[in-house]
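The lines below spell out each chain.
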Amino acid sequence: MKALVTGIAGFVGSHMAEFLLERNIEVVGTIRNRSRMEHITHIQDQIRLIECELRDPFSVESLLTQEKPDLIFHLAAQSFVPTSWNSPIDTIHNNVAGQLNIFEAVRRLNLSCKIQIACSSEQYGHVEPHETPIREENPLRPLSPYAVSKAAQDYLGYQYYKSYGLHVIRTRTFNHTGPRRGEQFVTSNFAKQIAEIEKGIRPPIVSVGNLSAQRDFTDVRDVVRAYWLALESGEVGECYNIASGSCVTIREMLDMLLAMSTVQIDTVPDPSRMRPSDVEILLGDASKFEQRTGWKPEIPFEQTLADLLQYWRQLV
Ligand code: GDD
């Protein structure tokens, strides 16, 4: 069994690779020439890395002609919401064209591989209070160019299944975090600031954005197990929420991190961290996926945050 992981050097990609190696799956991953490699240096001799620009159809077709994987975990993306306001065209192009090039190559080469695509709870966007916990039938009301790019990926997954019979499973993952989370994302950003304060290299004040938003967090290690199960026993063409089923405000998440710290820390609002429109609540109902695959998140959020803080304490 051979698996292709796009974006293998990224946060989720590196955890996906570790998960697959533990199951003795052959792992091939795509990187770009400017990819940072620190998340995969410890497994670099067990995986095969191929430089591939997913936005380039020729690059993707030659990759798939050469590799013919059984499974594709399509994780590569521009995944930071604020970047999508600064670079909307880049975000849409990167996320949508990258996936289309994979689909087109799979179709033209007549490959029978199973493809997981990383869609997002951000697609639900504006959610009315009576609509939580959010189910897959909820309307999509995206509030950022990123969310629109993920909605496009999602619909293209459905369309390529219906039109050409591609074996696509769409996972709509709610927020996820854990060691190696990129430092611009909120959990990592706060944990890194706290670790720097503890080291004495930053004054004891954490800069924050919108603390009233509510998010449903799952540990990345539970998420990659979900992606595996999605391809193992998900129904082709379907979309599935991946979520813990409970949510916290960003303020509550910050307080949990602060409670793990050894020093007294204040917070200060930073207007540059506010968004033109923020998704106020994302609370997911993953029962469709749980019933189909038997998946349940196993790592408590406190443990995830403790591991993340420890990760930053070692790095800063
Ligand atoms: N990044 C960041 N930095 N967010 C902050 C901050 C801050 O200093 N302060 C408050 N927030 C709030 C944001 O306004 C948002 O409401 C929430 O914290 C989470 O922000 P992010 O961690 O940047 O994640 P996200 O919810 O926008 O998107 C993440 O989850 C999606 C799934 O729902 C990303 O991982 C996406 O790639 C993913 O699809």
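Because the structure is a prediction, the values reported are computed rather than measured.

*Asks:* Help me understand the pattern of salt bridges, please; the structure alone is not making it clear to me.
*Replies:* It is possible for side chains of opposite charge to pair when their charged atoms get near one another. With the rule as written, the count across this model stands at 31 salt bridges. Among the salt bridges present, the one from arginine 107 reaches glutamate 104, with a minimum N-O distance of 3.0 Å. With arginine 107 and glutamate 104 both in helix α4 (residues 88-108) and 3 residues apart, this pair spans about one turn of that helix.

*Asks:* Would you mind going over the sheet that holds strand β11 (residues 239-242) with me for this structure?
*Replies:* The pairing of strands in a sheet happens through backbone hydrogen bonds and is either parallel or antiparallel. If you trace the 7 strands from one edge of the open sheet to the other, you get β3-β2-β1-β4-β5-β6-β11, paired in parallel fashion. Strands with a single pairing partner mark the edges of an open sheet, and in this sheet they are β3 (48-51) and β11. Going from strand to strand, the sheet's axes swing by 20° on average, the running direction of each strand aside. Packing against the sheet, helix α2 (residues 57-67) makes contact with β1 (2-6), β2 (26-31), β3 and β4 (71-74), and its axis sits at approximately 150° to β3.

*Asks:* Just to check I follow, could you spell out helix α8 (residues 250-259) for this structure?
*Replies:* Residues separated by three or four positions in an α-helix point in the same direction, a consequence of the helix having 3.6 residues per turn. Residues of α8 that are buried include every one of Ile250, Met253, Leu254, Leu257 and Leu258, and no others. The arc that holds every buried residue of α8, seen down its axis, measures 140°, which confines them to one face. Along its buried surface, α8 packs onto α6 (186-199), β8 (205-208), β9 (214-215), β12 (248-249), β13 (266-269) and α10 (301-315).

*Asks:* Could you clarify how one ought to interpret the site of the ligand in this entry?
*Replies:* Around the ligand, a shell composed of 24 residues is seen, among which Ser79, Ser121, Tyr146, Arg275 and Asp278 lie nearest. With respect to the ligand, the backbone of serine 79 contributes an N or O atom lying 2.6 Å from an oxygen atom. The contact in question runs from an oxygen atom of the ligand to an N or O atom on the side chain of arginine 273, over 2.7 Å. When grouped by side-chain class, the residues that make up the shell around the ligand number 10 nonpolar, 8 polar and 6 charged.

*Asks:* Where do I start with the domain arrangement of the protein chain in this structure?
*Replies:* Bring the parts together and some accessible area is lost; that lost area is often taken as the interface size. For the protein chain, the assigned domains read domain 1 (2-176 + 218-242) and domain 2 (182-215 + 246-282 + 300-315). Measuring from the centre of the C-alpha atoms in domain 1 to the corresponding centre in domain 2 gives 26 Å. Counting residues at the interface gives 17 residues for domain 1 and 13 residues for domain 2. Regarding the contact of domain 1 and domain 2, the summed buried area is about 1400 Å², with carbon and sulfur atoms giving 62% of it. It is Phe80, Trp85 and Leu143 in domain 1 that bury the most area against domain 2; as a group they hold 33% of the surface buried on that side. Counting across the domain 1 and domain 2 interface gives 2 salt bridges. Across the salt bridge formed by aspartate 307 and arginine 221, the nearest N and O atoms sit 2.9 Å from each other.

*Asks:* Looking at this structure, how should I read the side chain of aspartate 154?
*Replies:* With respect to the secondary-structure elements, aspartate 154 resides in helix α5 (residues 145-164). At a separation of 2.6 Å, a polar atom in the side chain of aspartate 154 contacts the side chain of arginine 172. Excluding anything up to four places from it in sequence, aspartate 154 contacts Ile117, Cys119, Gln123, Arg170 and Arg172.

*Asks:* In this structure, what is going on with the pairing of β2? I would like to understand it.
*Replies:* Remark: a regular strand shows side chains that alternate across the two faces of the sheet. Here β2 lies mainly inside the structure; 5 of its 6 residues are buried. The pairing of β1 with β2 spans 4 bridges and is classified as parallel. Bridge assignment links leucine 4 to a residue of β2, and that residue is valine 28. Each parallel crossover has a hand, and for β1 linked through helix α1 (residues 11-22) to β2 it is right-handed.

*Asks:* Quick question: what am I supposed to make of the layout of surface pockets here?
*Replies:* In this approach, a probe sized like a water molecule rolls over the atoms, and the result shows the empty space that is left. The computed volume of the second largest pocket comes to approximately 170 Å³. At the level of secondary structure, the elements contributing two or more residues to the lining of the second largest pocket comprise β10 (218-219) and α10. Its residues assigned to classes, the lining of the second largest pocket shows 7 nonpolar, 4 polar and 3 charged.

*Asks:* I would appreciate a short explanation of α10 in the present structure.
*Replies:* In a regular helix each residue adds 1.5 Å, so 15 residues correspond to 21 Å; α10 covers 21 Å between its end C-alpha atoms and thus fits that length. Among the residues making up α10, those that are buried are Phe301, Thr304, Leu305, Leu308, Leu309, Tyr311 and Trp312. Around the axis of α10, the buried residues are gathered within 155° of arc, so they sit on the same side. In the core, the buried residues of α10 are packed alongside β7 (176-177), α6, β10, α7 (220-233), β12 and α8.

*Asks:* Help me out: how do you make sense of the nonpolar core in this one?
*Replies:* Across soluble globular proteins, you tend to see nonpolar side chains buried next to one another. Ranked by internal contacts, the top residues of the largest apolar core, which has 43 residues, are Met16, Leu20, Phe73 and Trp228. Elements that contribute at least two residues to this core include exactly β1, α1, β2, β4, α7 and β11. Tallying contributions element by element places α7 first for this core, with 9 residues.

Conventions we followed
- Residues numbered from 1 in each chain as written.
- Predicted model: local features only at pLDDT ≥ 70, side-chain atom pairs only at ≥ 80, totals over all residues.
- Heavy atoms only, no water.
- Salt bridge = Lys/Arg side-chain N within 4 Å of Asp/Glu carboxyl O.
- Helix = DSSP H or I, 4+ residues; strand = E, 2+ residues; numbered from the N terminus.
- Pairing = 2+ DSSP bridges.
- Axes fitted to C-alpha atoms, helices over the stretch in contact; angles between N-to-C directions.
- Contact = heavy atoms within 4.5 Å.
- Buried < 20%, exposed > 50% of the residue type's maximum accessible area, 1.4 Å probe, protein only.
- Arc of directions from axis to C-beta.
- Near = heavy atom within 4 Å.
- Polar contact = N/O pair within 3.5 Å; in protein donor to acceptor, adjacent residues only side chain to side chain.
- Nonpolar A, V, L, I, M, F, W, Y, C, P; charged D, E, K, R; others polar.
- Domains from an automatic or database assignment.
- Buried area = accessible area lost by both parts, 1.4 Å probe.
- Right-handed = clockwise from strand over helix to strand, strands pointing away.
- 1 Å grid on protein atoms, 1.4 Å probe; cavity = no way out; pocket = protein on both sides within 12 Å on 5 of 7 lines; lining within 4 Å.
- Points joined across faces, edges and corners; volume = space filled by probe spheres on them.
- Expected span 1.5 Å × (residues − 1).
- Core = buried A, V, L, I, M, F, W, Y, C linked by side-chain atoms within 4.5 Å.

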